[in-house]
Amino acid sequence: MKRALITGITGQDGSYLAEFLLEKGYEVHGVIRRSSSFNTGRIIHIFQDVHADDIKLFLHYGDLTDGSFMAGLLNKTEPDELYNLGGQSHVRVSFDQPIYTADVVGMGTLRLLEAIRAVGAEKHVRFYQASSSEMFGKAKEVPQSEKTPFNPVSPYACAKVNAYYNVLAYREAYGMHASNGILFNHESPRRGETFVTRKITRGLSRILAGREDKLFLGNLDAKRDWGYAKDYVEAMWLMLQQDEPDDYAIATGETHSIREFLDAAFGMVGLDWHDYVEIDSRYFRPAEVDLLMGDPSKAKKVLGWEARTNFMELVRIMMRADLEDAGIKDRFDI
């Protein structure tokens, strides 16, 4: 039985990846941070749906700021695969907490790589690093591929670039099977409520339920390559099944603006978003990334992976989930 260790298992990607690996027969270990609030909502159903004797998911309290803990956990769990999905992942928040973001995202990755090396596991642990399209920033070309130069314009993106190059350095220096997945924006009903796509679908559902009157957003002209997170975790796994490590851009190859997302979501329930959306300057980033669109041709050729869920279906999936959460799904034929 293969064994995997996932940092950030309670996040959107971590929860989908845990489900995916469990379905493939893995034993899965996840790192979660201690918190005064219950923070396992995205994975609790895994424990509820399986008989206690059959559970192959194990959680460990820890943090990417603690390298010695990670080394100890590697010794304890002896994973075949390590997926680093943890860290502060909100671009706007990284401007408010730049040092913390650099520590947990950039240095956190380095601590993991060094923990693998320190316990002598560099030859048998396969490592996946969650890189980000935000590293391209004000991109020099469209679409962006593995060969596109990075031009980060946020503390988050800078931290991800730091992590990316440390993966390359450890791969070269120690022969580590370490790969970067440069994932473009990927959404789902499990997306954090402060991210713009989920903010729209959740906010609209609450407006329809009579709980809110307005939706406050920032820059509506930003364009992103939006895919479905559940599709994207398969690409992570496929990278670690290859004989040789490498770096891959994971994307749909299409770009849509926030205005288009609003058109799609509000259109599904017969409303005009102009009547409900107000612009709030607090939600603008100090430096904006205007256009991201990925070229996933390498992933398709080498991994045999391509996005299965198109833009409109993604919006529909998210709207259905948030309408159900608001208790009004039966009122709409979506």
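In case you missed it, the structure is sitting above this.
Owing to the predicted nature of the structure, the values given are computational and were not obtained by experimental measurement.

1. Concerning the overall build of the protein
Then comes step 1: Per the secondary structure count, the protein includes eleven helices and 13 strands.
Then comes step 2: On C-alpha atoms alone, the protein measures out to a radius of gyration of 20 Å, which is about the 20 Å that the 2.2 N^0.38 rule sets for 334 residues.
Then comes step 3: Expressed as lengths along the three principal axes of its C-alpha atoms, the size of the protein is roughly 60 × 50 × 40 Å.
Then comes step 4: Considering the protein as a whole, with its 334 residues, one finds that 53% of them fall into the buried category.
Then comes step 5: Sequence separation of at least 24 residues holds for 79% of the intrachain contacts in the protein that already meet a minimum separation of 6.
Then comes step 6: On the protein, roughly 14800 Å² of surface is accessible, and the fraction owed to carbon and sulfur atoms is 46%.

2. A closer look at the pairing of strand E6 (residues 178-183)
Then comes step 1: In terms of residue burial, E6 counts as a mostly covered element, since six of its six residues are buried.
Then comes step 2: Because side chains alternate across E6, one face comprises the buried residues Ala178, Asn180 and Ile182, and the other comprises Ser179, Gly181 and Leu183, equally buried.
Then comes step 3: Read from strand E5 (residues 126-132) through helix H6 (residues 155-174) to E6, the crossover connection turns out right-handed.
Then comes step 4: The pairing of E6 with strand E11 (residues 247-250) spans four bridges and is parallel. Residue pairing across strands places Gly181 opposite Tyr248, the latter belonging to E11.

3. Notes on unusual backbone geometry
Then comes step 1: The residue after Val142, namely Pro143, is reached through a cis peptide bond having omega 0°.
Then comes step 2: Checked against the element boundaries, Pro143 lands in the loop between E5 and H6.
Then comes step 3: Its identity is not glycine, yet Glu78 carries a phi of approximately 50°, on the positive side.
Then comes step 4: Mapped onto the elements, Glu78 comes out in the loop between helix H3 (67-77) and strand E4 (81-84).
Then comes step 5: Taking the relative accessible area as the measure of exposure, Glu78 reaches 55% and is therefore exposed.

4. What about the sheet that holds strand E3 (residues 57-61)?
Then comes step 1: Read from one edge of the open sheet, seven strands run E3-E2-E1-E4-E5-E6-E11, paired in parallel fashion. The open sheet is flanked by E3 and E11, the only strands paired with a single partner. On average, each strand axis in the sheet is tilted by 20° relative to the strand beside it, whichever way the strands run.
Then comes step 2: Here six bridges tie E5 to E6, and the two strands are oriented parallel to one another. Each bridged residue has a counterpart across the sheet, and for Ser131 the counterpart in E6 is Ile182.
Then comes step 3: Helix-sheet contacts for helix H1 (residues 12-23) involve strand E1 (3-7), strand E2 (27-32), E3, E4 and E6, and the interaxial angle to E1 is about 175°.
Then comes step 4: Across the face of the sheet, helix H8 (residues 229-240) comes into contact with E4, E5, E6 and E11 while running at roughly 140° to E4.

5. Some details on empty space enclosed by the protein
Then comes step 1: What the rule picks out here adds up to one cavity of 30 Å³ or more.
Then comes step 2: Its boundaries defined by the atoms lining it, the largest cavity holds a volume of some 50 Å³.
Then comes step 3: Lining the largest cavity, in full, are Arg202, Ser205, Arg206, Arg211, Asp322, Asp325 and Ala326.
Then comes step 4: Listed by contribution, the elements that provide at least two residues to the lining of the largest cavity are helix H7 (196-208) and helix H11 (311-325).
Then comes step 5: Grouping the amino acids of the lining of the largest cavity by side-chain chemistry returns one nonpolar, one polar and five charged.

Rules used in this analysis
- Residues numbered from 1 in each chain as written.
- Predicted model: local features only at pLDDT ≥ 70, side-chain atom pairs only at ≥ 80, totals over all residues.
- Heavy atoms only, no water.
- Helix = DSSP H or I, 4+ residues; strand = E, 2+ residues; numbered from the N terminus.
- Rg over C-alpha atoms; globule rule 2.2 N^0.38 Å.
- Buried < 20%, exposed > 50% of the residue type's maximum accessible area, 1.4 Å probe, protein only.
- Contact = heavy atoms within 4.5 Å.
- Areas by Shrake-Rupley, 256 points an atom, 1.4 Å probe, with all protein chains shown as cover.
- Right-handed = clockwise from strand over helix to strand, strands pointing away.
- Pairing = 2+ DSSP bridges.
- Axes fitted to C-alpha atoms, helices over the stretch in contact; angles between N-to-C directions.
- 1 Å grid on protein atoms, 1.4 Å probe; cavity = no way out; pocket = protein on both sides within 12 Å on 5 of 7 lines; lining within 4 Å.
- Points joined across faces, edges and corners; volume = space filled by probe spheres on them.
- Nonpolar A, V, L, I, M, F, W, Y, C, P; charged D, E, K, R; others polar.

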